[in-house]
Every structure is written in C-alpha cells, then in structure tokens.
Amino acid sequence: MGCFASKKELADQSDQTHIDEGQYHDKDISNKPEDSEDNIHEKVVIDEDLRQRWEKEQNELKAKLITENTESWQSAEDFKGLQFVGGVDISFVKGDDVNACASLIVCSYPDLEVVHSDCTLVQLTAPYIPGFLAFREVAFLLDCIDRLRREKRELIPQVILVDGNGLIHPREFGTACHLGVLSDIPCVGVAKKLFQVDGLEKDSKHLEKIKNLEKGGDTFPLVGNSGKVLGMALRSCDKSTNPVYVSVGHKINLDTAVQVVQRCCNYRIPEPVRQADMQSREYLRKNFKGSE
C-alpha cells in the first residue's frame, strides 16, 4: 500500500476512508515563488535550449487562449445544456517521477455520477522544468481525450476540471490553459495550494481572508501585483474550511469557472477531479508491477 504517490491531498475527513494520505508525497509544492504549480523536485538541472523551445511553443499556444465564455450552456440558467464534466489527474509511483497513471473521469451533470473512466499507465520521460509542467503531462491527458473521442464521442466532457492552474502561472499559461487550447475544450484550473506568482502570497492577510469565508460558495479574488485578477479562492463546500484556487483555463470566464467548480463539489475537491485522483491511485496499486 505505501508504494504510490500523487499530487492529491484531499482535506475532507470524509475522504479518508478511501485513502491514507500519509502514504503519498504531494508534488504540488507551491510555497516558493520559483516553484511551478506542480513542482516535484527540490533541485532541477535545466536544459536551457529546451526551456527556450518550450517557452516559444508556450507563447504560440498562449496566442490562441480564450478567457471568455464560448458555449451556450455557460450563460444558460442553471447551466442548462451542460451534461458532462470531466476531471483529469496524473498520479505517480512513490519515489518515481517517471512511472505514473494518467486519468480522465467524466461525470454526468448535475448528479455527478461517473459515466466514463480511463486510467492508463504512462512514463513521463520529458524533463521537469519549472513553469513548463504541461510539457511533461498534457500529452498523456490528450491521449485519454482522444480515446474517448474515438470510442464514446457522445460522452466528451463539455468542460474539464484540471488538478492544477490555468492563469495562475508565471506566464499566465498553466496546465489547464495548455490542455484547453490543444483539446479545444473549455478547461478550469483547480489547485489545492496557492501558486505564489505575481506577488500572490499565503501571508497573514491571505489567511485572514480564508477565515472570512463563512460558507460554501464564498470567494475572494486573487489579485497580483500586476493588478490582474488571476483567479479566485473558493470555499467549495460547507464541509471544508480550506479553499481551492480556481483559475481560467480556456474558453470560460472566471465567474463561470467558479460556479462550475462549486456546483461540482460534494467535498472540498470537485467530484470529477476527486474521482480521477482516487481511481488513478487505485489503478497503480492494482497494476504497477513490483508494487507489493
């Protein structure tokens, strides 16, 4: 059991019957400004040529980013027309930054029942460079989406919730943006920890604002030194006092993104992402050779 690791750290006590959090390391170390949204390395040797190529590609993709609502359901009352919400996650074997499980879960909306599950063993061989996590992970998530398009196109999610960040990123183009642009599906970043960029800090003022979130649905904006609202801290449900950090990924505005996340939460983490996390971990336990 103690052989696997994931980005997850679900805070709700009700989830603990599924997973003993002490068995996993968390690769979402966002307390240092220089960290990426999902830094798993204390020290990183950077290939400067590769970093420059990735930065160029990132900028090219960013030029295609849409940060406004584009779908009819997004402006409809009670999101009428929204039928399927996706959640994606990548869980890692403990102590192993290469072998992992990529997971795509699709839930029906609004009842949040799992209608599709895809968990696949993958090997992340691309190097980790801070700020460029998407280049390690997104290709495998796109593979999951492409399989669904081929095999069960009718279940393609109309919005995907990504365990990570969108606009809360050093260049305002995190994993949720990257996945959204390449998949052409609305995406939302949902992070458990504050990615400290553009002057965002988990300081005493930030903690005081968290205390003032009295009930599920309460929020406060995340305003950087640039003056931009990069995202929103959301108390996602009454059961959890710890917020999640919501940011635009692609083809959705911030207000709509926050509403979608909040409506998908039975616990702190929105159900599609929560299921992707739990199912990817369980898949590793059952299928990764040498786990026992």
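Everything numeric here is computed off the predicted structure, so don't read it as measured data.

**Points about the layout of surface pockets**
Item 1. Put simply, the second largest pocket is a space of about 180 Å³.
Item 2. Looking at the second largest pocket, the residues that line it are Gly 199, Leu 200, Glu 201, Asp 203, Lys 205, His 206, Lys 209, Phe 220, Pro 221, Leu 222 and Val 223.
Item 3. Of all the secondary-structure elements, those providing two or more residues to the lining of the second largest pocket are helix H4 (204-211) and strand S7 (219-223).
Item 4. In terms of residues, the lining of the second largest pocket owes the most to one element, S7, which gives four residues.
Item 5. Split into classes, the residues belonging to the lining of the second largest pocket amount to five nonpolar, two polar and four charged.

**With respect to the pairing of strand S3 (residues 99-108)**
Item 1. Counting buried positions along S3 gives 10 out of 10 residues, so the element sits mostly inside the fold.
Item 2. The alternating pattern of S3 places Asn 99, Cys 101, Ser 103, Ile 105 and Cys 107 and Ala 100, Ala 102, Leu 104, Val 106 and Ser 108 on opposite faces, both of which are buried.
Item 3. With nine bridges joining them, strand S2 (residues 84-93) and S3 adopt antiparallel strand pairing. When the bridges of S3 are listed, Gly 86 appears paired with Val 106.
Item 4. From the end of S2 to the start of S3, which pair antiparallel, there are five residues, and Gly 95 there has a positive phi angle of about 75°.

Here is what the cut-offs are and how they apply
Throughout this document, residue positions are counted from 1 along each chain, in the order its sequence is written. With the structure being a predicted model, the display of local features is reserved for residues of pLDDT at least 70 and the display and counting of side-chain atom pairs for 80 or more, all residues being used for whole-chain, interface and lining totals. Side-chain descriptors were evaluated using all non-hydrogen atoms of the structure, hydrogens and water having been removed beforehand. Only protein atoms enter the 1 Å grid used here, on which a cavity is any set of points holding a 1.4 Å probe that cannot leave and a pocket is any open set flanked by protein within 12 Å on both sides along at least five of seven lines; residues with an atom within 4 Å of a point are listed as lining. Grid points are joined across faces, edges and corners, and a volume is the space filled by probe spheres set on the points. Numbering of helices and strands runs from the N terminus; a helix is a DSSP stretch of H or I covering at least four residues, while a strand is a stretch of E covering at least two. Residue polarity is assigned by list, with Asp, Glu, Lys and Arg as charged and Ala, Val, Leu, Ile, Met, Phe, Trp, Tyr, Cys and Pro as nonpolar; anything else, Gly included, falls into the polar class. Three exposure classes are used, based on accessible area relative to the maximum for each residue type with a 1.4 Å probe and protein chains only: buried under 20%, partly exposed in between, and exposed over 50%. Criterion used throughout: strands pair if DSSP finds at least two bridges between them.

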